[in-house]
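Okay, here's what each chain looks like letter by letter:
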Amino acid sequence: MGALRRRRARAHPVSEARRVDSTRVEYRSPDPAANPYLAFAVILAAGLRGVRGGYELPAEGERTAPLPQSLAEALDLMECSALLHETLGEHQVEWFLRNKRSEWDAYRGQVTPFELERYLPLL
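Residues numbered from 1 in each chain as written. Predicted model: local features only at pLDDT ≥ 70, side-chain atom pairs only at ≥ 80, totals over all residues. Heavy atoms only, no water.

Comments concerning a nonpolar patch on the surface
What counts, and what does not: Each patch groups residues whose relative accessible area exceeds 30% and which form no salt bridge, using 9 Å between like charges and 5 Å between nonpolar side chains of Val, Leu, Ile, Met, Phe, Trp and Tyr. The Shrake-Rupley method, run with a 1.4 Å probe sphere, supplies the accessible areas, and residue values consider only the shown protein chains as cover. The salt bridge definition used is simple: a Lys or Arg side-chain nitrogen within 4 Å of an Asp or Glu carboxyl oxygen. The way it works is that DSSP assigns letters per residue, a run of H or I at least four long becomes a helix, a run of E at least two long becomes a strand, and they are numbered from the N terminus.
Residues Val111, Leu116, Leu120 and Leu123 make up a contiguous nonpolar surface patch of roughly 450 Å² in combined accessible area. Locating valine 111 in the fold gives a position in the loop between helix H5 (90-108) and helix H6 (113-119).

Okay, structure coming up:
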């Protein structure tokens, strides 16, 4: 029973080195605000592309590219993604980009409490 408790306490799933058929799979759930149908379609397509293409996995904990720092950066990456266009179709990608860019424009047009406190006294 002690070994079972130790195994459950691990932060990450690990593969057992002595077993040839052992592998590690980690799934990170998308943002709850994401459309699950679109998100899972792209997750599955990415996984299949990796399997079919024989992609090498990066070392555990190693990130291959920096994450986007804003919605605008994420949308620019999405627009350039052949995988997304192939998986969702041009119409769906264009619709999504148009709506999210509109959302980004509305967001960055807001004056935040931080800006009011910092800059209003300077006027």
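Remarks on the nonpolar core
Where we set the bar: Side-chain atoms within 4.5 Å link the members of a nonpolar core, which is a set of buried Ala, Val, Leu, Ile, Met, Phe, Trp, Tyr and Cys residues. The rule is simple: take the accessible area with a 1.4 Å probe, protein chains only, and divide by the maximum for that residue type; under 20% is buried, over 50% is exposed, in between is partly exposed. Contact between two residues is taken to exist if any of their heavy atoms lie within 4.5 Å; hydrogens are not considered.
One finds Leu38, Val42, Ala45, Leu75, Met78, Leu83, Leu84, Leu88, Val93 and Leu97 forming the largest nonpolar core, which totals 10 residues. Residues within four places of leucine 38 in sequence aside, it is in contact with Leu88, Gln92 and Phe96.

Considering the side chain of serine 81
Here is the rule: Within 3.5 Å is the distance limit for a polar contact, defined as a pair of N or O atoms, with the added protein rule that one can donate a hydrogen and the other accept it, and that residues adjacent in sequence qualify only through two side-chain atoms.
Residue placement: serine 81 occurs in the loop between helix H3 (71-79) and helix H4 (82-88). A polar contact of 3.2 Å, which involves the side chain of serine 81, links it to the backbone nitrogen of leucine 84.

What to know about the confidence of the model for the protein chain
Convention followed: Per-residue confidence from the predictor is reported as pLDDT, a score between 0 and 100.
With 82% of its residues at a pLDDT of at least 70, the protein chain reaches an overall mean of 85. Mean pLDDT across the elements of the protein chain ranges from a minimum in helix H1 (residues 2-9), with 54, to a maximum in H4, with 97.

A look at the pattern of salt bridges
This model, assessed by the stated rule, comprises five salt bridges. Glutamate 86 serves as the salt-bridge partner of arginine 49, at 2.5 Å between the closest nitrogen and oxygen. Note that arginine 49 is positioned in helix H2 (residues 36-53) and glutamate 86 in helix H4, a separation of 37 residues in sequence. Overall, glutamate 86 belongs to the exposed group, its relative accessible area being 58%. Put simply, aspartate 76 and arginine 101 hold a salt bridge, and the shortest N to O gap is 3.2 Å. Of this pair, aspartate 76 sits in helix H3 while arginine 101 sits in helix H5; the two residues are 25 residues apart in sequence, bridging distant segments of the chain. You can call aspartate 76 partly exposed: its relative accessible area is 41%. When salt bridges that share partners are traced, they join Asp76, Glu79 and Arg101 into one network.

Considerations on the layout of surface pockets
If you roll a probe as big as a water molecule over the atoms, it shows you where there is empty space left. Quick note on the threshold: Only protein atoms enter the 1 Å grid used here, on which a cavity is any set of points holding a 1.4 Å probe that cannot leave and a pocket is any open set flanked by protein within 12 Å on both sides along at least five of seven lines; residues with an atom within 4 Å of a point are listed as lining. Grid points are joined across faces, edges and corners, and a volume is the space filled by probe spheres set on the points. Under the convention adopted here, Pro, Cys and the residues Ala, Val, Leu, Ile, Met, Phe, Trp and Tyr are nonpolar, Asp, Glu, Lys and Arg are charged, and Gly plus all remaining residues are polar.
Within this model, the largest pocket holds a volume of roughly 2,800 Å³. Lining the largest pocket we find 50 residues, and of these Glu26, Arg28, Ile43, Ala46 and Leu67 sit closest to its centre. Those elements giving two or more residues to the lining of the largest pocket turn out to be H2, H3, H4 and H5. Residues of the lining of the largest pocket, tallied by class, amount to 29 nonpolar, 11 polar and 10 charged.

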